[in-house]
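Summary of structural features
Here is what each chain is made of, one letter per residue.
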Amino acid sequence: MAPHAEVDHNDGDGIVRLPPPERPSFSASPPRLLIIGAGNRGRAYAEAIRNSSNGILVGVVEPVALKRRQLGRKYIWGASRKPLPGEEFEDWPEFVAWELKRREQAATGVEEGVPEGVDAVFVCVQDGMHKEVVLGLAPLNLHIMCEKPLAPSLEDCVAIYQSLQPDASGTASKLFSIGHVLRYSPHNMLMRKLLLEDKVIGEIMAVNHTEPVGWYHFTHSYVRGNWRNEKAAAPSLLAKSCHDMDILYWILAAPTQTSSKPTHVPSNISSFGSLQYFRKERKPVEAGNATNCLSCAYEPSCQFSAKRIYTGPELKSHQQEHFSQIVAPEIEDCVAAGKPEEGRKALMSKLAEDYPEGTPAEVISQRNTFGRCVYECDNDVCDNQTVTLSWDEDPIAAPGETPLQALQGRGSKTATLHMVAFTEKICTRFTHLYGVSGEMYADSSSITVHDFKTCKKTVHYPHVPLGGGHGDGDEGLTRQFVLAVDRVKNHGVKVATAQREDIGCTLKDIMMSHGMVFAAEEARRGKKVVDFPAWWEREVMSKLG
């Protein structure tokens, strides 16, 4: 999975530029894919399937007819015809029932009139539904890509892990991938190659990694939106930064494909964080008793005004159109029909929605109120959090290795993750990595390496996508997952081989990086340092039976 590099030199500094990844060639019978959940993530994967993979999207499952038809028209059946049987479903049980019946018909040997089935499913429903969908798909024995996080609770993650474990012989029957798309961006793939294969800074001693969420992105998603409340969704560290914990795990703990050594498990995890700002006590006096931006006298002066965030001209370059379409999906059809003003009216109508005082908490938790005052929402997730991980030395010698070689990649080290809401950047992570023989700074667009031995600087420029999400990670993950499905389906490759070589992530990797998040949350709430190996044995391994 390592990208190819082309090297040039400029004024004595090394300049490394990467071409875009190649799209895999199509087989005679390409993988047939279904998306469950036509929201933001479902649409992102639909786009990636069309643009970057060697598979075809053939069906969508979505209870909201508007979202279902929008995705279907754009990526499946087009605007010139209506959907055929098997191309759209309102919910996943309907799909499962339809597919079981289709298989019964196909088993009779009469192929005429029986539509083709699907090979793999992208699960893009709300986090709390992942367990029921993944377990509900079990009778179909399909390959699955599940959006991150795996589940909002450790109990549900363990249940999914148990359901997907290989049989007694250790042979998995189907592929499974998780939406940790940052692993698959050209930027992060190159960064890992430089660190672990080329060893450009020598042994890694410390890492400082920052996830800048973006102040208006945080208000949209984590104050007013789907991920604002831990009980209804998950802690923000899991919902937002499980990506980042996974990258730290991938660089500092997980073995490379060529290594036979086990994971270098973190020794200790601690965390501090809280909801610092978006609380009722912070509400400006001038806002009075207003609970909705459109009826608030202070709105024109408020930084967090919903009207400003979704319609303000100064934020047009800040993914405003994307956020607005999440608030009012009707906008897309209105614009396509040449009626943008109708789309604006739909948006303002959504922003005017509110819930009266006395509305039960369970009712509030089931809906997003994007025009609600940020100081009057039911949000409780952290807007600022740090996690510190430390590793003890754990040398393991392969045959013929010296004690020093046994320690390579398994020495003591530390890593710090900082997730913060109040930033101008939106999710453009930056990372400082400190090694014995060099230092690296990666900022989502370039990677700069300072070599202590030669005192030279090299700047690496990975492929910069023209619009792909997560630095082309959405396309990368989709490309690799569908490629793995294709190799298993059409080229005789074993599931375990495709899982390792193409997806590059095992079930245990998925579970352990999630485990690090849950351990960090236990540390934060308990104001303690968690002994991670002991926690892992107690909370995960002992429950696998």
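Procedures and definitions
- Residues numbered from 1 in each chain as written.
- Predicted model: local features only at pLDDT ≥ 70, side-chain atom pairs only at ≥ 80, totals over all residues.
- Heavy atoms only, no water.
- Pairing = 2+ DSSP bridges.
- Helix = DSSP H or I, 4+ residues; strand = E, 2+ residues; numbered from the N terminus.
- UniProt positions renumbered as here; feature names shortened; annotations may be inferred.
- Buried < 20%, exposed > 50% of the residue type's maximum accessible area, 1.4 Å probe, protein only.
- Disulfide = S-S within 2.5 Å.
- Phe/Tyr/Trp six-rings, centres within 6.5 Å; stacked < 30°, edge-to-face > 60°.
- Lys NZ or Arg CZ within 6 Å of the ring centre and 35° of its normal.
- Core = buried A, V, L, I, M, F, W, Y, C linked by side-chain atoms within 4.5 Å.
- Contact = heavy atoms within 4.5 Å.
- Expected span 1.5 Å × (residues − 1).
- Polar contact = N/O pair within 3.5 Å; in protein donor to acceptor, adjacent residues only side chain to side chain.

1. A closer look at the sheet that holds strand β3 (residues 32-36)
On the basis of which strands lie adjacent, the open sheet formed by six strands has the order β5-β4-β3-β6-β7-β8 and parallel pairing. A single partner strand is all that each edge strand has here, and the edge strands are β5 (88-89) and β8 (176-178). As defined by bridge partners, strand β7 (residues 143-146) adjoins β8 across three bridges and the pair is classed as parallel. Residue pairing in the sheet places M145 in a bridge with S177 of β8.

2. Thoughts on the UniProt feature "domain: Gfo/Idh/MocA-like oxidoreductase N-terminal" (unreviewed entry) in the chain
Sites flagged by UniProt as "domain: Gfo/Idh/MocA-like oxidoreductase N-terminal" (unreviewed entry) map to residues 32-164. This span, residues 32-164, is 44% helix and 16% strand, and a straight line between its end C-alpha atoms measures 21 Å.

3. A look at unusual backbone geometry
Looking along the chain, the bond that leaves K148 and enters P149 is cis, with omega of -15°. Residue placement: P149 occurs in the loop between β7 and α5 (154-164). Although it is not a glycine, K199 adopts a positive phi angle of roughly 50°. Tracing the sequence through the fold places K199 in the loop between α6 (186-197) and β9 (204-212). By relative accessible area, which is 47% here, K199 ends up partly exposed. Positioned with a positive phi, C455 is a non-glycine residue whose angle comes to about 60°. Mapped onto the elements, C455 comes out in the loop between β15 (447-451) and β16 (456-461). The exposure class of C455 is exposed, given its relative accessible area of 70%.

4. Examining the state of the cysteines
Counted under the stated rule, the structure contains zero disulfides. A disulfide-free cysteine, C302 has its sulfur positioned 6.1 Å from the sulfur of C293, the nearest such atom.

5. A word on the packing of aromatic side chains
Aromatic ring pairs are described here by two measures, namely the spacing of the ring centres and the angle between the planes. Evaluation of the coordinates by the stated rule reveals 19 aromatic pairs. With 4.9 Å between their ring centres and 85° between their planes, W215 and Y216 make a pair best called edge-to-face. We note that W215, like Y216, is buried. Every member of this aromatic cluster is reached through a ring pair, and the members are W215, Y216, F218, Y222, W227, Y277, F278, F304, Y375 and F422. Geometry around Y45 places R41 over its ring, the cationic atom sitting 4.8 Å from the centre. Its guanidinium or amino end placed over the ring of W391, K413 lies 5.7 Å from that ring's centre, counting from NZ or CZ.

6. Details of the nonpolar core
The biggest cluster of nonpolar side chains holds 140 residues, and the ones touching the most others in it are F95, F122 and L137. Considering each element in turn, this core owes the most residues, ten residues, to helix α18 (residues 507-526). Setting aside residues up to four positions removed in sequence, F95 forms contacts with L34, V61, F89, V118, L137, L140 and L142.

7. Digging into the pairing of strand β12 (residues 413-420)
Bridge count between β9 and β12: seven bridges; the pairing is parallel. Its bridge partner being in β12, T210 is matched across the sheet by H418. Pairing of strand β11 (residues 384-391) with β12 involves eight bridges; the strand directions are antiparallel. Paired with V387 across the two strands is L417, which belongs to β12.

8. Describing α18
Taking 1.5 Å per residue as the helical rise, α18 with its 20 residues ought to reach 28 Å, and the 28 Å between its terminal C-alpha atoms agrees with that figure. Of all the 20 residues making up α18, 16 are buried; the element is thus mostly covered by neighbouring parts of the structure. Following α18 by one or two positions, K527 adopts a phi angle in the positive range, close to 50°.

9. What about the environment of R69?
Relative to the assigned elements, R69 resides in helix α2 (residues 65-75). Residue classification places R69 among the partly exposed residues on the basis of a relative accessible area of 33%. The spatial distance from the C-alpha of R69 to the C-alpha of K82 is 9.5 Å, given a sequence separation of 13 residues. What R69 contacts, discounting residues up to four positions off in sequence, is W77, P83 and E88. For R69, the side chain forms a polar contact with the side chain of E88, separated by 2.8 Å.

10. A closer look at the environment of V121
Along the chain, V121 turns up in strand β6 (residues 120-123). With relative accessibility at 0%, the residue V121 sits in the buried group. Spatially, the C-alpha atoms of V121 and V134 are 9.7 Å apart, while their sequence positions differ by 13 residues. Every residue in contact with V121, bar those within four places of it in the chain, is listed here: L34, I36, L137, L142, H143, I144 and M145.

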